[in-house]
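Notes for the structure review
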Amino acid sequence: MVLMANPVFDTVRSVMAVREYQDKAIPSDVVTRIVDAGRLTASASNRQEWHFVVVREPETLRALGSLVRTGPYIAKSVLAIVVAYEKTSNTGISDCSRAIQSMLLTAWAEGVGSNWTGFGGLEGVRSKVALPDRYEVLAVLPFGYPARPVKGRKKRKPLAEVASAERFGTPFPGGGSS
Ligand SMILES: Cc1cc2nc3c(=O)[nH]c(=O)nc-3n(C[C@H](O)[C@H](O)[C@H](O)COP(=O)(O)O)c2cc1C
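Presented here is an overview of the structure given in this document. This is a predicted model, so every value here is computed, not measured.

1. Considerations on the side chain of T60
Secondary-structure assignment places T60 in helix 3 (residues 58-67). Accessibility expressed as a relative area gives 11% for T60, which makes it buried. Sequence-distant contacts of T60, that is, excluding residues within four places in its chain, are made with V55, K128 and V129.

2. What to know about the pattern of salt bridges
Applying the stated criterion across every chain, the model contains ten salt bridges. Where D29 meets R33, a salt bridge forms, and the shortest distance between an N and an O atom there is 3.4 Å. Note that D29 and R33 are positioned in helix 2 (residues 28-40) at a spacing of four residues, about one turn of the helix. Residue class for D29 comes out partly exposed when judged on its relative accessible area of 45%. A salt bridge links R126 to E123, with the shortest nitrogen-to-oxygen separation between them at 3.0 Å.

3. Focus on the pairing of strand 2 (residues 79-86)
For strand 2, the buried fraction is high: seven of the eight residues fall into the buried class. In terms of strand pairing, strand 1 (residues 50-55) meets strand 2 through six bridges, oriented antiparallel. Opposite V53, over in strand 2, you have V82 as the bridge partner. Relative to strand 4 (residues 135-144), strand 2 runs antiparallel, the two being bridged by eight bridges. Note on strand 4: the bridge partner recorded for V83 is A139.

4. Quick look at unusual backbone geometry
Residues F172 and P173 are joined by a peptide bond in cis, for which omega reads -5 degrees. Relative to the helices and strands, P173 is located in the segment after helix 6 (159-162). In this structure, Q48 takes a positive phi of about 55 degrees despite not being glycine. Here Q48 is to be found in the loop between helix 2 and strand 1. For Q48, a relative accessible area of 37% corresponds to the partly exposed category. Positive phi outside glycine occurs at E166, with the angle close to 70 degrees. Its place among the elements puts E166 in the segment after helix 6. Of the residues examined, E166 reaches a relative accessible area of 77% and is grouped as exposed.

5. A closer look at the environment of A99
Mapped onto the elements of the fold, A99 is located in helix 4 (residues 92-109). Under the relative-accessibility criterion, A99 is labelled buried at 0%. Discounting residues that sit within four places of it in the chain, A99 has contacts with G38, T41, W50 and F52.

6. Some remarks on the nonpolar core
By size, the foremost hydrophobic cluster in this structure holds 24 residues, and its most contacted members are I26, F52, I81, V83, L141 and F143. Elements with a contribution of two residues or more to this core: helix 2, strand 1, strand 2, helix 4 and strand 4. The greatest single-element share of this core, amounting to six residues, is contributed by helix 4. By size, the runner-up hydrophobic cluster in this structure holds 16 residues, among which are L64, L131, Y135 and V137.

Cut-offs used in this document
- Residues numbered from 1 in each chain as written.
- Predicted model: local features only at pLDDT ≥ 70, side-chain atom pairs only at ≥ 80, totals over all residues.
- Heavy atoms only, no water.
- Helix = DSSP H or I, 4+ residues; strand = E, 2+ residues; numbered from the N terminus.
- Buried < 20%, exposed > 50% of the residue type's maximum accessible area, 1.4 Å probe, protein only.
- Contact = heavy atoms within 4.5 Å.
- Salt bridge = Lys/Arg side-chain N within 4 Å of Asp/Glu carboxyl O.
- Pairing = 2+ DSSP bridges.
- Core = buried A, V, L, I, M, F, W, Y, C linked by side-chain atoms within 4.5 Å.

Okay, structure coming up:
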């Protein structure tokens, strides 16, 4: 196998869900780059029916930690991005999911950890950050420098179990490819 340097793959391979953060501010230019990665993401028919609310006030971060049942640790992050789509959009979940991945990978490439928290049913978050009723909040992303080194060992099914060559059940990669 030929090994090639590929920083995008390395970022995908090493990113993990980071749930504990240092109490250290993220520089403004890095914050802007993370949000801009969301903006630059492709959406269906390029409709961009999304909105990203950037939260840095400690009081709001604490409130988000209480509002997202599966993300209490948002309270101890230094930044959170609330990701929402217009309720009339048929592709809002797909579009926003892709933007979320762009933002998480961009952050990780800067050494900033994050994670996806919540999945819909986030009405309380919507009103807390004053998003109009026409939006549905998909997720809240807390960010911060990791509190401890990230090991980067992923627990994933082997490639042969989740991918096939040509037809379901034919092992991928087969012996013929490299
Ligand atoms: C759609 C989605 C929703 C998730 N929701 C939560 C959540 O509410 N709270 C949480 O702590 N982690 C959440 N996660 C993180 C996953 O649990 C985590 O990425 C997964 O267990 C794999 O761990 P790793 O990213 O460290 O390899 C979510 C991830 C995805 C993709």
